Structure formats: structure tokens, C-alpha cells
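# Examination of the molecular architecture
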Amino acid sequence: MLAWAWWPSVKYLAGIDPGYSGAIALLDPNNLTDLILIDMPLHRLKVNGRNTARLDLYQLGNFFDLHRLDIRAACIEEPSAMPSQGVASSFNFGFSCGATQAAVAANAIPMRLVRPATWKRAMGLTADKDASRRLASQRLPMHAAKWARAKDDGRAEAVLLAIYLIHHKEISS
């Protein structure tokens, strides 16, 4: 069990992978069996005959509104656009990142934005998504089934961001 002296009354630290395949993890640093984990809330719909997804802003805001009194800080991944992404993908990704930060800020939850290379280096990871799933399973074996599938890497990374926050407490408000 990890002691969290920074905020003695803390209930949860949030780790957030804001992409469409990302997730939100609420982890109690004093009781690692206490984990709330949700995939980023999305609307699945058809646009011009093609299946697509959009961030569900209502559900995102509602989640933080419901849990805001129990979240003492959030660590949000702050990625950059990738050159290989198309214009629409870059726009949607940027929108998701900004909307997530806004939902956290609107609920007065202190946050830390961290670049993927920074937190992954600190945790001994590379860009390999399977390595993130393995490390999350090593750190929290009781929850490993929650990110057992390859497509659940966003869940594992959200949990690892919460663990990163346990060890790197500096945040901005």
C-alpha cells in the first residue's frame, strides 16, 4: 500500500488518456484495489454512410461532476498531433484533449498535463502499447482483466497516468 501524505483526505487520483480509444481511471493511492475505470464516452453514429465516433460531452462532464468531490488531482496526457494523422483526425483528437481538460477544470480539479514521452520515460516505457498493458498488469494485477485485450491499451495508460501522479505530485490549478 502506498502512503499519500500530500493530501491526507484524498480519495482518488485521476489518470486520463484523452483520445477516442482512451480512458479515465480513478485510483485510490492508499488502496490500489479501489479503481473506477471508464472508456472515454463516445457517441457512435453514421455520417455520410460511414461509422464514426464523437466525444460525448454530456457524459464526460457528468462523470467529473459526479466524482469531483472525490478527485483530488488529475494527470492528463498532453500529446501532440502526429504528422501521419489526417486533418479530420487531428482536429477530433485535439478537440477531445481540450474538452477533457475543460471538463476537469470546470469541476475545479487540479490537473497536471504531461507529454507521453515524459511519463512513459519515467515509468520505463516506450511507445509500445502492449508494454503499457503489461506494466499496468504488474502494478495492479488484481485489475489486469480490465485491459487484457489489445484494444484496451487506453485503459492501461489511464491507470499508469494515475500511478505516475502518485510519484510526481507537482500540479497546476
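Our subject is the structure that appears above.
Report on the accompanying structure. (Residues numbered from 1 in each chain as written. Predicted model: local features only at pLDDT ≥ 70, side-chain atom pairs only at ≥ 80, totals over all residues. Heavy atoms only, no water.)

### A few points about the overall build of the chain
Helices and strands together make up the secondary structure of the chain, namely five helices and seven strands. Helices and strands in the chain line up, N terminus first, as β-β-β-β-β-α-β-α-β-α-α-α. Among the 173 residues that make up the chain, the fraction classed as buried is 43%. Residue pairs in contact within the chain that sit at least 24 positions apart in sequence constitute 63% of those at least 6 positions apart. Total accessible area on the chain stands at roughly 8900 Å², and carbon and sulfur atoms take up 55% of it. (Helix = DSSP H or I, 4+ residues; strand = E, 2+ residues; numbered from the N terminus. Buried < 20%, exposed > 50% of the residue type's maximum accessible area, 1.4 Å probe, protein only. Contact = heavy atoms within 4.5 Å. Areas by Shrake-Rupley, 256 points an atom, 1.4 Å probe, with all protein chains shown as cover.)

### Focus: the pattern of salt bridges
For the structure on display, the rule yields eleven salt bridges. For Asp28, the salt bridge identified is with Lys11, shortest N-O distance 4.0 Å. One end of the pair, Asp28, is in the loop between strand S2 (23-27) and strand S3 (35-39); the other, Lys11, is in the segment before strand S1 (12-17), with 17 residues separating them in the sequence. Using a relative accessible area of 30% as the deciding quantity, one classes Lys11 as partly exposed. (Salt bridge = Lys/Arg side-chain N within 4 Å of Asp/Glu carboxyl O.)

### Overview of the environment of Ser137
Checked against the element boundaries, Ser137 lands in helix H4 (residues 129-139). For the pair Ser137 and Val159, spaced 22 residues apart in sequence, the C-alpha to C-alpha distance is 9.9 Å. If we ignore the near neighbours within four places in the chain, the residues touching Ser137 are Ala144 and Trp147. Among the polar contacts listed, one links the side chain of Ser137 to the backbone oxygen of Arg133, at a separation of 3.0 Å. A polar contact of 2.9 Å, which involves the side chain of Ser137, links it to the side chain of Trp147. (Polar contact = N/O pair within 3.5 Å; in protein donor to acceptor, adjacent residues only side chain to side chain.)

### Some details on the packing of aromatic side chains
As enumerated under the stated definition, the model contains one aromatic pair in all. Relative to Phe64, the ring of Phe63 has its centre 5.5 Å away and its plane inclined at 85°; by these criteria the two rings are edge-to-face. Of the two residues, Phe63 and Phe64, neither departs from the other in class, the shared state being buried. (Phe/Tyr/Trp six-rings, centres within 6.5 Å; stacked < 30°, edge-to-face > 60°.)

### Some thoughts on the side chain of Asp28
Residue Asp28 is classed as buried on the basis of its relative accessible area, which comes to 8%. In this structure the side chain of Asp28 is engaged in a polar contact, spanning 2.8 Å, whose partner is the backbone nitrogen of Asn30. Those residues in contact with Asp28 that sit more than four places away from it in its chain are Lys11, Tyr12 and Asp34.

### Describing helix H2 (residues 87-106)
With 20 residues, H2 should cover 28 Å at 1.5 Å per step; its first-to-last C-alpha distance of 28 Å lies within 8% of that length. Considered for burial, the residues of H2 that qualify are Ser96, Cys97, Ala99, Thr100, Ala103 and Val104. All buried residues of H2 fall inside an arc of 165° around its axis, so they share one side. The exposed set on the far side of H2, more than 90 degrees from its buried face, consists of Val87, Phe91 and Ala106. (Expected span 1.5 Å × (residues − 1). Arc of directions from axis to C-beta.)

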